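Chain by chain, the residues run as shown.
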Amino acid sequence: VMYGEMPWNLDEAFAASREADVLIVVGSTLEVGPANQIVLKTGAKDIYIVDPNPPTSVLRPLSYSTRRTLHYIRKGAVEGVPEAIEKIKALPVAEA
């Protein structure tokens, strides 16, 4: 989503995020709403932030949670996304 644009299917994105086990954020400052609220309200246990300069202050409230783990990959998308995917593949599979 570009600055000033309203994301499409925002309700669906919030619903999917609440049900997610893992969330990946790529190249975002997370300072502009309402899309930034998806990350703050996610149900994901593992959140991967792929960005050379990740927005740590915005995510500070999540870092205090014992239910969530923030994984910072301080790289651009081309290098960081494949690394995030490999790390996600190595996560233990949740019991149904």
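One structure accompanies this document, and this report is about it. (Residues numbered from 1 in each chain as written. Predicted model: local features only at pLDDT ≥ 70, side-chain atom pairs only at ≥ 80, totals over all residues. Heavy atoms only, no water.)

**Describing a nonpolar patch on the surface**
Selection rule: The patches reported here contain residues having more than 30% relative accessible area and no salt bridge. Joining distances are 9 Å for like charges and 5 Å for nonpolar side chains (Val, Leu, Ile, Met, Phe, Trp, Tyr). Accessible areas in this description were obtained via Shrake-Rupley with a 1.4 Å probe; residue shielding takes into account the shown protein chains only. One side-chain nitrogen of Lys or Arg within 4 Å of one carboxyl oxygen of Asp or Glu is enough to make a salt bridge. Where helices and strands are cited, they refer to DSSP runs of H or I of at least four residues and of E of at least two residues respectively, numbered from the N terminus. Think of it in three bands: with a 1.4 Å probe and only protein chains considered, a residue is buried below 20% of the maximum accessible area for its type, exposed above 50%, and partly exposed in between.
A contiguous nonpolar patch, built from Ile-24, Val-26 and Ile-85 and spanning about 210 Å² of accessible area, is present on the exposed surface. Inspection of the secondary structure assignment puts Ile-85 in helix H4 (residues 77-89). When its relative accessible area of 36% is taken as the criterion, Ile-85 is described as partly exposed.

**Remarks on the pattern of salt bridges**
Throughout the structure, instances matching the rule amount to three salt bridges. In this structure, Glu-83 and Lys-75 form a salt bridge, with 2.5 Å as the shortest nitrogen-oxygen distance. The exposure class of Lys-75 is partly exposed, given its relative accessible area of 32%. A salt bridge links Glu-83 to Lys-87; the shortest N-O distance between them is 3.4 Å. Of this pair, Glu-83 and Lys-87 are both found in helix H4, four residues apart, which corresponds to roughly one turn of the helix. Note on Glu-83: relative accessible area 22%, which makes it partly exposed. By relative accessible area, Lys-87 is classed as partly exposed at 38%. Ionic contacts of the salt-bridge type, sharing partners, join the residues Lys-75, Glu-83 and Lys-87 into one network.

**Some thoughts on the nonpolar core**
Looking at soluble globular proteins, one finds that nonpolar side chains tend to be buried together. Spelled out, the test is: Side-chain atoms within 4.5 Å are what join buried Ala, Val, Leu, Ile, Met, Phe, Trp, Tyr and Cys residues into a set we call a nonpolar core. Note on contacts: a residue pair is in contact if any heavy atoms of the two residues lie within 4.5 Å.
Membership of the largest hydrophobic core is limited to twelve residues, which are Ala-20, Leu-23, Val-25, Leu-30, Val-39, Ala-44, Ile-47, Ile-49, Val-58, Leu-59, Leu-62 and Leu-70. Only strand S1 (22-26), strand S2 (46-50) and helix H3 (56-63) provide two or more residues apiece to this core. If you tally residues by element for this core, the top one is H3, at three residues. With sequence-adjacent residues up to four places away left out, Leu-70 is seen in contact with Ile-47, Leu-59, Leu-62 and Ser-63.

**Regarding the sheet that holds strand S3 (residues 69-73)**
Here is the rule we go by: DSSP bridges decide pairing: two strands pair if at least two such bridges lie between them. To get an axis, fit a line to the C-alpha atoms, keeping to the stretch in contact for a helix; angles then go from 0 to 180 degrees between the N-to-C directions.
Ordered by their spatial adjacency, three strands build an open sheet running S1-S2-S3, and the pairing between neighbours is parallel. Only two strands of the sheet have a single partner each, and these edge strands are S1 and S3. Looking at each pair of strands side by side, their axes are set apart by 15 degrees on average, direction ignored. Sheet contacts for H4: S1, S2 and S3; angle to S2, the most-contacted strand, approximately 160 degrees.

**A closer look at the side chain of Asp-46**
How we decide: Here the positive residues are Lys and Arg and the negative ones are Asp and Glu; neither His nor the chain ends is included. Think of a polar contact as two N or O atoms within 3.5 Å of one another; within protein, one of them needs to be a possible hydrogen donor and the other a possible acceptor, and neighboring residues in sequence only count if both atoms come from side chains.
Here Asp-46 is to be found in strand S2. Notably, Asp-46 is buried but unbridged: the nearest opposite-charge side chain belongs to Lys-45, and the N-O separation is 4.3 Å. Within polar-contact distance, the side chain of Asp-46 engages the side chain of His-71 at 2.7 Å. Leave out the neighbours within four places in its chain, and Asp-46 touches Asp-21, Val-22, Leu-23, Thr-69, His-71 and Leu-91.

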